[in-house]
Amino acid sequence: MKLNGRHTRSIMRTADGRGARILDQRKLPWEVVWVELRDAETAARAIREMWTRGAPLLAMTGAYGLAMAIAEDPSDAGLDAAHAMLNATRPTAVNLRWALDEIDKAVRPLPPAERADAAFARADAIVEEDAGLSRAIGEHGLALFRELHAKSPGRPLNILTHCNAGWLATVDYGTATAPMYLAHDAGIPLHIWVDETRPRNQGALLTAFELSEHGIPHTVIADNAGGHLMQRGQVDAVIVGTDRVTANGDVCNKIGTYLKALAAHDNGVPFYVALPYTTFDAATPSGDLIPIEERHGDEVAWVEGEGGRIRVTGSPAANPAFDVTPARLVTAYITERGVLTKL
């Protein structure tokens, strides 16, 4: 990822090797603030309160959080308690549970004295793998973008995306944004329609920030404008990330994704979902079985801006954080293995 023109990553170990350093995404794009996580409780708070977010990055934060807990208490009881605490922070995304289980598998057979080093080593490996997965997704998506641009070579390729599935949601590159970065660097002219993504505005605040840092032309739009743009032929494809894909191909993603898929289907616009294998949940048959996180209504009632928080309604507010897009509305899945019409 590019930050002030320099390549960096969204998460890394602290200098002493016993903590993790993350961007406080609540401050973006107005301030770039790095936070050091020094214990599992702070890592859990960072996940729960969305200092950090995005299914893959939640997994990385959780993995380091569990390693920190093991460094404090390497017993089986300590491992079990920390695993349960971290897993309970965000119930919808499957990556977090996967990463915690990976740490557990790596350390459970070992004597307590060896567990902390093994946990941090496994967390490091998961981080490196995630960056590689995102890069591979980008390569396969780049080939797809080349094909799409070849159909209308005289103008920029117009892509619509919802929420933030970029390097701020992963270790590097992102999922839905990875093809954008590689295509831009390869000289393919792009223009990205960026949904604001109410209520937390991850599109307007985070995706737009990322694209600006990389120099990719983009325009922020109100969430309800996407269907109108598709009707006018101003969208060549929709590409989104996902927090979980079930065995039948249903896609759970940020609230509002389903409406974009419906509009794309009605207008003959391809709808792509970018994901690594860690987001695929083979154990859950279909999307109706996914627990949908209901967040506090204050996220709807208040908005965050450069000047602080502003209240926009005094009425009660409901805040489901995710919706499910049926597999029948998905054109293809862009994965590290290739572009797949079925998983």
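Residues numbered from 1 in each chain as written. Predicted model: local features only at pLDDT ≥ 70, side-chain atom pairs only at ≥ 80, totals over all residues. Heavy atoms only, no water.

Visitor: Help me out: how do you make sense of the sheet that holds strand β8 (residues 218-221) in this one?
Guide: Sheets are built from strands paired through backbone hydrogen bonds, the pairs being either parallel or antiparallel. The mixed open sheet is built from seven strands, whose spatial order is β8-β7-β6-β9-β12-β17-β18. Two strands close off the open sheet at either side, each with one partner strand: β8 and β18 (338-340). Across the sheet, the axes of successive neighbouring strands diverge by a mean angle of 25 degrees, strand direction being ignored. Helix-sheet contacts for helix α5 (residues 112-151) involve β6 (157-161), β7 (190-195), β9 (237-240), β12 (271-274), β17 (332-335) and β18, and the interaxial angle to β17 is about 135 degrees. Contacts from helix α9 (residues 257-267) reach β6, β7, β9 and β12, with the element oriented near 145 degrees to β12. (Pairing = 2+ DSSP bridges. Helix = DSSP H or I, 4+ residues; strand = E, 2+ residues; numbered from the N terminus. Axes fitted to C-alpha atoms, helices over the stretch in contact; angles between N-to-C directions. Contact = heavy atoms within 4.5 Å.)

Visitor: In this structure, what is going on with the pattern of salt bridges? I would like to understand it.
Guide: Where side chains of opposite charge bring their charged atoms close, a pairing between them can arise. Counted according to the given criterion, the structure contains 23 salt bridges. Here E49 ties to R45 by a salt bridge, and the two come within 3.1 Å at their closest N and O atoms. A residue is classified by how much of its surface remains accessible, and E49, at 32% relative accessible area, is partly exposed. A relative accessible area of 41% means that R45 is categorised as partly exposed. (Salt bridge = Lys/Arg side-chain N within 4 Å of Asp/Glu carboxyl O. Buried < 20%, exposed > 50% of the residue type's maximum accessible area, 1.4 Å probe, protein only.)

Visitor: Whenever I open this one, the side chain of T14 confuses me. Can you help?
Guide: Within the fold, T14 resides in the loop between β3 (11-13) and β4 (20-23). The class for T14 is buried, based on a relative accessible area of 4%. Engagement of the side chain of T14 in a polar contact is seen with the side chain of D16, the distance being 2.7 Å. Residues contacting T14, with those up to four places away along its chain left out, are G19, A20, R21, E36 and R38. (Polar contact = N/O pair within 3.5 Å; in protein donor to acceptor, adjacent residues only side chain to side chain.)

Visitor: So what exactly am I meant to see when it comes to the pairing of β8 here?
Guide: For a regular strand, the rule is simple: side chains alternate between the two faces of the sheet. When β7 meets β8, the two strands line up parallel, connected through four bridges. Bridging from a neighbouring strand, D195 pairs with I221 of β8. The parallel pair β7 and β8 is bridged by helix α7 (residues 202-214), and the resulting crossover is right-handed. (Right-handed = clockwise from strand over helix to strand, strands pointing away.)

In short, geometric facts, not functional conclusions.
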